[in-house]
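Listed below are the residues making up each chain.
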Amino acid sequence: MASKVAALLSCALLLVTGAAASYYTPPSAPTCGPLKVGYYHDKCPAAEAIVRRVVGAAVRRDPGVGAGLIRMLFHDCFVEGCDASVLLDPTPANPQPEKLSPPNNPSLRGFEVVDAAKAALERACPGVVSCADVVAFAARDAASFLSAAGGRDGLGYDFDMPAGRLDGRASTASRALDFLPPPTFTLPELVQSFAAKGLGVEDMVVLSGAHTVGRSHCSSFVPDRLAAPSDIDAGFAAALRGQCPASSGGGGDPTVAQDGVTPDALDNQYYKNVLARRVLFTSDAALLASPETARMVAENANVPGWWEDRFKKAMVKMASVEVKTGNQGEVRRNCRAVNY
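About the thresholds
- Residues numbered from 1 in each chain as written.
- Predicted model: local features only at pLDDT ≥ 70, side-chain atom pairs only at ≥ 80, totals over all residues.
- Heavy atoms only, no water.
- UniProt positions renumbered as here; feature names shortened; annotations may be inferred.
- Phe/Tyr/Trp six-rings, centres within 6.5 Å; stacked < 30°, edge-to-face > 60°.
- Helix = DSSP H or I, 4+ residues; strand = E, 2+ residues; numbered from the N terminus.
- Buried < 20%, exposed > 50% of the residue type's maximum accessible area, 1.4 Å probe, protein only.
- Lys NZ or Arg CZ within 6 Å of the ring centre and 35° of its normal.
- Disulfide = S-S within 2.5 Å.
- Contact = heavy atoms within 4.5 Å.
- Core = buried A, V, L, I, M, F, W, Y, C linked by side-chain atoms within 4.5 Å.
- Expected span 1.5 Å × (residues − 1).
- Axes fitted to C-alpha atoms, helices over the stretch in contact; angles between N-to-C directions.
- Parallel < 35°, antiparallel > 145°, perpendicular 65-115°, else oblique.
- Left-handed = near helix turned anticlockwise from the far one by under 90°.
- Nonpolar A, V, L, I, M, F, W, Y, C, P; charged D, E, K, R; others polar.
- Salt bridge = Lys/Arg side-chain N within 4 Å of Asp/Glu carboxyl O.

- The chain has the name Peroxidase in an unreviewed UniProt entry, where Urochloa decumbens is given as its organism.
- For the record of the chain, the UniProt heading Subcellular location (unreviewed entry) holds the text "Secreted".
- UniProt, in its Catalytic activity (unreviewed entry) section for the chain, records the words "2 a phenolic donor + H2O2 = 2 a phenolic radical donor + 2 H2O".

Structure representation (structure tokens):
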């Protein structure tokens, strides 16, 4: 496991320090085990540009979809590895795939964007680009567009995303419950959950920063975070009580912004919110539970560019978890169904 983690981190460092957002294969293109930057250079030269175009149009229409695409990569990779298993629809033979598991249904968004990108890719290069690679490219591009909205000179966090993943054939709702950390997790539980996927404590803290975009259902933190006593900021708690019903009876399950300061911008505001105790989840507040993680939170909040650089590396590292190659998978023609 230690050698695997070291290899993934080395790969992430190499990719992010290289040319940003390149859609070609440079000489001696960096690789991440079976993955490679510019993997589709010869097979489908326009592949990454096609995905970026579709994602850009979707995020401009609704920034929340971009947050959903970043979350989709996390929810895919943590279950069966980065193999697009989260995209599979129910069938008579498999009525309960991952996408119907409580962590994904009804909150996970972006499926229609992946469908649109895959359809465009099938027109350009039939049977070439895997759905797993589409998910990884889409998350990278969503991060780029949402970070540009943060006002950092109008530039997004572009970075190279290696490709070569195959699509898995298995998808089971219970597996999502086994591996996806819920919002009630404590710090030790979070560390253990990420370690099981070859990701370290800093990866966990850095990837948590994606909570700076998107919305959450009230049921994800009510009543746990709003019960007294609580470490949540009193004014923030009062505001949340005004947005969330006291119970689900007749009130539905509304959503609230995860970051009320810059809700549509991928930036480091999340860490400032953690320090101010103005975050939604127990798992967010847990980042202050140890001196080590509290220091990381403070660095991400206060040092310009610190979190952005680490986020790019952590995204590449996460997107390399338990990928399928060779006879382990396939390139689906339709991202919602295995090939027959």
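## Section: the packing of aromatic side chains
Thinking step 1. A complete count under the given rule lists eight aromatic pairs for this structure.
Thinking step 2. Seen in terms of ring centroids, Phe74 and Phe78 are 4.5 Å apart; in terms of plane orientation they differ by 45 degrees. Their pairing is tilted. You can see Phe74 and its partner Phe78 sitting in helix α3 (residues 63-80), four residues apart, about one turn around the helix.
Thinking step 3. Taking the centre distance of 5.0 Å and the plane angle of 70 degrees together, the rings of Phe78 and Phe194 count as edge-to-face. Taken together, the positions of Phe78 in helix α3 and Phe194 in helix α7 (residues 187-195) put the pair 116 residues apart, joining distant regions of the chain.
Thinking step 4. Residue class for Phe194 comes out buried when judged on its relative accessible area of 4%.
Thinking step 5. Among the aromatic residues, those joined into a ring-pair cluster are Tyr270, Tyr271, Trp307 and Phe311.
Thinking step 6. Sitting over the ring of Phe111, Lys99 keeps its end group 4.4 Å from the ring centre.

## Side note on the state of the cysteines
Thinking step 1. The full count for this structure, using the stated rule, is four disulfides.
Thinking step 2. Across the disulfide, Cys131 is cross-linked to Cys335 (sulfur-sulfur distance 2.1 Å). When the S-S torsion is -100 degrees, as for the bridge of Cys131 with Cys335, the disulfide is left-handed. Residue Cys131 is found in helix α5 (residues 131-148), and its partner Cys335 is found in the segment after α13 (306-318); the two are separated by 204 residues along the sequence. We note that Cys131, like Cys335, is buried.

## As for the UniProt feature "binding site: heme b" (unreviewed entry) in the chain
Thinking step 1. As recorded in UniProt, the feature "binding site: heme b" (unreviewed entry) lies at His211.
Thinking step 2. Topologically, His211 is positioned in the loop between α8 (201-208) and β3 (215-217).
Thinking step 3. Excluding residues within four positions of it along the chain, His211 makes contact with Gln258, Asp259, Tyr270, Phe281 and Asp284.

## What about the nonpolar core?
Thinking step 1. Ranked by size, the top nonpolar core spans 81 residues in total, and within it Leu73, Leu87, Leu266, Phe311, Met315 and Met318 carry the most contacts.
Thinking step 2. Top element by residues in this core is α5. It accounts for 11 residues.
Thinking step 3. Residues within four places of Leu266 in sequence aside, it is in contact with Ile70, Ala143, Leu146, Ser147, Tyr157, Ala210, Thr212, Val213, Trp307 and Phe311.
Thinking step 4. Formed by 11 residues, the second largest nonpolar core is a distinct cluster that contains Ile232, Ala237, Leu240 and Val256.

## Points about α5
Thinking step 1. Compared with an ideal rise of 1.5 Å per residue, which puts 18 residues at 26 Å, α5 spans 26 Å between its outermost C-alpha atoms and is within 8% of the ideal.
Thinking step 2. Counting buried positions along α5 gives 16 out of 18 residues, so the element sits mostly inside the fold.

## Considerations on the packing of α3 against α5
Thinking step 1. The interhelical angle for the contact between α3 and α5, taken along N-to-C directions, is 135 degrees, at an axis separation of 8 Å. One element, α3, and the other, α5, form an angle in the oblique class. Considering the relative orientation of α3 and α5, their crossing is left-handed. Contact residues: Pro63, Gly66, Ala67, Leu69, Ile70, Met72 and Leu73 in α3; Val135, Ala136, Ala138, Ala139, Ala142, Ala143 and Leu146 in α5.
Thinking step 2. Along the lines of polarity and charge, the residues of the contact of α3 with α5 split into 13 nonpolar, one polar and no charged.

## Some remarks on the side chain of Asn300
Thinking step 1. Relative to the helices and strands, Asn300 is located in helix α12 (residues 291-302).
Thinking step 2. Excluding anything up to four places from it in sequence, Asn300 contacts Val205, Val206, Asn268, Tyr271, Trp306 and Trp307.

## So, the pattern of salt bridges
Thinking step 1. Under the definition given, this model contains 21 salt bridges.
Thinking step 2. Residues Lys324 and Asp83 are paired through a salt bridge, measuring 2.9 Å at the closest nitrogen-oxygen approach. Linking Lys324 in the segment after α13 with Asp83 in the loop between α3 and α4 (111-124), this pair joins segments that are 241 residues apart in sequence.
Thinking step 3. Taking relative accessible area as the criterion, Lys324 reaches 17% and is therefore assigned buried.

## Some details on the UniProt feature "site: Transition state stabilizer" (unreviewed entry) in the chain
Thinking step 1. Under the UniProt annotation, the feature "site: Transition state stabilizer" (unreviewed entry) is placed at Arg71.
Thinking step 2. You can call Arg71 partly exposed: its relative accessible area is 29%.
Thinking step 3. With sequence-adjacent residues up to four places away left out, Arg71 is seen in contact with Pro103, Ser107 and Leu108.

## Structural notes on the packing of helix α2 (residues 47-61) against α5
Thinking step 1. One way to put it is that α2 packs onto α5 with a least axis distance of 9 Å and a crossing angle of 50 degrees. Of the possible angle classes, the one that applies to α2 and α5 is oblique. As for the relative orientation of α2 and α5, their crossing is right-handed in sense. Of α5, the residues touching α2 (which contributes Glu48, Val51, Arg52, Val55, Gly56, Val59 and Arg60) are Val134, Phe137, Ala138, Arg140, Asp141, Ala142, Ser144, Phe145 and Leu146.
Thinking step 2. Looking at the contact of α2 with α5 residue by residue, the classes come out as nine nonpolar, two polar and five charged.

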